[in-house]
Amino acid sequence: MQIYHLNVFYDDDAVSDQDGSPFVDLAAATAEAFGSLCFLAAQDMGHGRRIRVRRIDVASPDGEVLGSVSLAEVIATIVPFEDDSFFAEVARQIAL
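Residues numbered from 1 in each chain as written. Predicted model: local features only at pLDDT ≥ 70, side-chain atom pairs only at ≥ 80, totals over all residues. Heavy atoms only, no water.

Caption draft 1: Structural view of the overall build of the protein. The helix and strand tally for the protein stands at three helices and five strands. From first element to last, N terminus to C terminus, the protein shows the α and β order β-β-β-α-β-β-α-α. For the protein, buried positions account for 31% of its 96 residues. For the protein, restricting intrachain contacts to residue pairs at least 6 apart in sequence, the fraction spanning at least 24 positions comes to 43%. Working note: accessible area of the protein is about 6000 Å², and carbon and sulfur atoms make up 57% of it. (Helix = DSSP H or I, 4+ residues; strand = E, 2+ residues; numbered from the N terminus. Buried < 20%, exposed > 50% of the residue type's maximum accessible area, 1.4 Å probe, protein only. Contact = heavy atoms within 4.5 Å. Areas by Shrake-Rupley, 256 points an atom, 1.4 Å probe, with all protein chains shown as cover.)

Okay, here's the thing in structure tokens:
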């Protein structure tokens with residue numbers, strides 16, 4: 001098992017994972033980041049708030065960013081879009 005840190009970035013804030021967590025590999029850590037981002041977004045939506053979380057970076061213990069999961073990626077995965085141009089605009093707006 002390797003230690004990975006899941007650092008959460010909001011539109012106006014960031015929360016660093018100081019302790020990290022053990023995962024089998026980077027793919028497992030990235031999958032956890034994806035699920036965590038979904039959970040955080042769903043919490044905001046469930047409370048009627050604007051979604052503030054923007055991405056979660058997966059980092060090594062020395063701080064090197066090894067991967068990242070963005071809110072746009074989550075939306076692209078869980079929401080089926082027939083019109084790619086519509087999604088491109090949604091992703092652009094989220095990235096602002």
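Caption draft 2: How the structure looks around the side chain of Ser60. In this structure, Ser60 sits in the loop between strand S4 (53–59) and strand S5 (65–70). Among the polar contacts listed, one links the side chain of Ser60 to the side chain of Asp62, at a separation of 2.2 Å. Aside from chain neighbours lying at most four places away, what touches Ser60 is His5 and Leu66. (Polar contact = N/O pair within 3.5 Å; in protein donor to acceptor, adjacent residues only side chain to side chain.)

Caption draft 3: Spotlight on the pattern of salt bridges. Following the criterion strictly, the structure yields five salt bridges and no others. Notably, a salt bridge pairs Arg52 with Asp12, separated by 3.0 Å at the nearest N-O pair. Of this pair, Arg52 sits in the loop between helix H1 (26–46) and S4 while Asp12 is found in the loop between strand S1 (2–10) and strand S2 (14–15), placing the two residues 40 residues apart along the sequence. Under the relative-accessibility criterion, Arg52 is labelled partly exposed at 31%. Taken together, the salt bridges that share partners define one network made up of Asp11, Asp12, Arg50 and Arg52. (Salt bridge = Lys/Arg side-chain N within 4 Å of Asp/Glu carboxyl O.)

Caption draft 4: Representation of the nonpolar core in the model. In terms of nonpolar packing, the biggest core is built from 17 residues, with Leu6, Ala33, Leu37, Val53, Ile56, Val58 and Leu71 touching the most fellow members. Of all the elements in the fold, those that place two or more residues in this core are S1, H1, S4 and helix H2 (71–78). Dropping the residues within four chain positions of it, Leu6 is found in contact with Val15, Asp17, Phe23, Ala29, Glu32, Ala33, Ile56, Asp57 and Val58. (Core = buried A, V, L, I, M, F, W, Y, C linked by side-chain atoms within 4.5 Å.)

Caption draft 5: Structural context of the confidence of the model for the protein. In this model, the protein carries a mean pLDDT of 87, and residues with pLDDT of at least 70 account for 80%. The secondary structure element of the protein with the lowest average pLDDT is helix H3 (residues 84–95), at 63, and the one with the highest is strand S3 (residues 21–23), at 98. (pLDDT = per-residue confidence, 0-100.)

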